[in-house]
Amino acid sequence: MALRTVRTDGDPVLRKKAKKVEKIDGAIVSLLKDMADTMYANDGIGLAANQVGILKRLIVVDDGDGLLMLANPVILSCEGSCCREEGCLSVPETYGEVERPEKIVVRAFNEKGSRLEIEADDMLARIIQHEIDHLDGKLFIDTAKNTEKRPKKSPEEKPETQKEES
Ligand SMILES: [Zn+2]
């Protein structure tokens, strides 16, 4: 298990666009595993490579239904809209409501290099969109409403009732 340092707001790497992964090799798989370890160690529910200082299009997500490790995620379609509170491991102790599509279809490659299409809704859809935003250099605070500071109770990203985040 290897933990990486989570970069926080103000670090320029969080504002850069990550590059497509050309090949899912051992180094990428090991990075994805480190990202998952880092996410769990911080009680997160999602983490993008930018957040550990690496500009590759890689995300890890666990909405409570199992870990997804994805390379080059692309949103193919989205539907509906809903507004929910989010937080972010890179913007500690800050929460705000973000409006996002409710359902999405995402194409990505898993850690074995297989191409998959995931239909996600609710929390999973929200986390994946939050993480893809990171890959594009965006943070949830860019569009959040009613942002507030409060001590970390449940993490970036850990759902306490219906709180979101990644
Ligand atoms: Zn985040």
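Just above sits the structure.
To keep things clear, this report deals only with the structure shown in the data block. (Residues numbered from 1 in each chain as written. Predicted model: local features only at pLDDT ≥ 70, side-chain atom pairs only at ≥ 80, totals over all residues.)

**Description of the sheet that holds strand β1 (residues 46-48)**
In spatial order, the strands read β1-β2-β3-β6-β7; together these five strands make up an open sheet with antiparallel pairing. In this open sheet, the two strands that pair with only one neighbour each are β1 and β7 (115-121). Shown here is a sheet whose adjacent strand axes are inclined to one another by a mean of 40°, direction ignored. Pairing of strand β3 (residues 67-79) with strand β6 (residues 103-109) involves six bridges; the strand directions are antiparallel. In the sheet register, Ala71 faces β6, and the bridge partner there is Phe109. Against the sheet, helix α1 (residues 26-41) touches β1, β2 (58-62) and β3, its axis set at about 40° to β2. (Pairing = 2+ DSSP bridges. Helix = DSSP H or I, 4+ residues; strand = E, 2+ residues; numbered from the N terminus. Axes fitted to C-alpha atoms, helices over the stretch in contact; angles between N-to-C directions. Contact = placed C-beta atoms within 7 Å.)

**With respect to the pairing of strand β5 (residues 91-100)**
Both faces of the sheet carry side chains from a regular strand, because those side chains alternate between them. In this structure, strand β4 (residues 82-88) lies alongside β5, joined through six bridges in antiparallel fashion. If you follow Arg84 over to β5, its bridge partner there is Val98. Between β4 and β5, which pair antiparallel in sequence order, lie two residues. As paired elements, β5 and strand β8 (residues 145-149) share three bridges and run antiparallel to each other.

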